[in-house]
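A closer look at the structure
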Amino acid sequence: MKKIAIIYGSSTGNTETIALNIAEKLSGEDIKLIEVSKLKASDLDEFSNLILGTSTWGLGELQDDWDVAISLLEKSNLNGKVIALYGLGDASSYSDTFVDGMGIIYDTIKDKGCNVIGETSTDGYQFDSSKAVVDGKFIGLALDEDTESNLTGARLDKWIANILPLFK
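Residues numbered from 1 in each chain as written. Predicted model: local features only at pLDDT ≥ 70, side-chain atom pairs only at ≥ 80, totals over all residues. Heavy atoms only, no water.

Some details on the packing of aromatic side chains
Applying the stated criterion across every chain, the model contains six aromatic pairs. Here the aromatic rings of Tyr86 and Trp159 are separated by 6.4 Å at their centres, their planes lie at 65 degrees, and the arrangement is edge-to-face. Of this pair, Tyr86 sits in strand E5 (residues 82-88) while Trp159 sits in helix H5 (residues 152-163), and the two are 73 residues apart along the sequence. For Tyr86, a relative accessible area of 0% translates into the label buried. Measuring from centroid to centroid gives 5.6 Å for Phe98 and Phe127, while their planes differ by 35 degrees, and the two rings are tilted. With Phe98 in the loop between E5 and helix H4 (100-109) and Phe127 in the loop between strand E7 (120-121) and strand E8 (133-134), this pair connects stretches of sequence that are 29 residues apart. Grouping aromatic residues by their ring pairs yields a cluster made of Phe98, Tyr125, Phe127 and Phe138. (Phe/Tyr/Trp six-rings, centres within 6.5 Å; stacked < 30°, edge-to-face > 60°. Helix = DSSP H or I, 4+ residues; strand = E, 2+ residues; numbered from the N terminus. Buried < 20%, exposed > 50% of the residue type's maximum accessible area, 1.4 Å probe, protein only.)

If you want it as structure tokens, here you go:
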């Protein structure tokens, strides 16, 4: 059975709700939910499979609880780990920084020897710019619970179906 940590930061509860939905959809796996404000370096060492989730605040900033965790990610040995990312944003009000928080996490881990999985198409999204777009695709699952919550279920199901076989 795959052992997966779902690490999330949530200010309004939306990112936490998505983390809980992911955990429910992965109910046959060995899952541990970790609120990022309680993350310890030993948690990163314990799991070879990680799902990292954040919302984007202000003008493209990470959710506040990620401040300490980003430095933990920078200092941790992520070599060989399989990491999937998901990010929440508001594409209509903040179309020029949509899910930038996810992009910030990606930029922190991309050169640390880990395998980042779960890229998704930008098709069907209405936004102007995002740090989470690399080579024309989102580097993880982008969600907009403010204006497109009706699309979340289908996007989440498709993403989980794509990432689950890639966890070791």
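Concerning unusual backbone geometry
Look at Val99: it is not a glycine, yet its phi comes out positive at around 50 degrees. The topology assignment puts Val99 in the loop between E5 and H4. Relative accessible area serves as the criterion here: at 0%, Val99 is assigned to the buried category. Even without being glycine, Asp135 reaches a positive phi, approximately 55 degrees. Along the chain, Asp135 falls in the loop between E8 and strand E9 (137-138). Of the residues examined, Asp135 reaches a relative accessible area of 80% and is grouped as exposed.

Remarks on the pattern of salt bridges
Tallied over the full model, the rule gives seven salt bridges. The closest approach of N and O atoms between Glu46 and Lys3, which form a salt bridge, is 3.0 Å. With Glu46 in helix H2 (residues 41-46) and Lys3 in strand E1 (residues 3-8), this pair connects stretches of sequence that are 43 residues apart. Note that Asp157 is salt-bridged to Lys25, the shortest N-O span being 2.7 Å. One end of the pair, Asp157, is in helix H5; the other, Lys25, is in helix H1 (residues 14-25), and 132 residues separate them in sequence. (Salt bridge = Lys/Arg side-chain N within 4 Å of Asp/Glu carboxyl O.)

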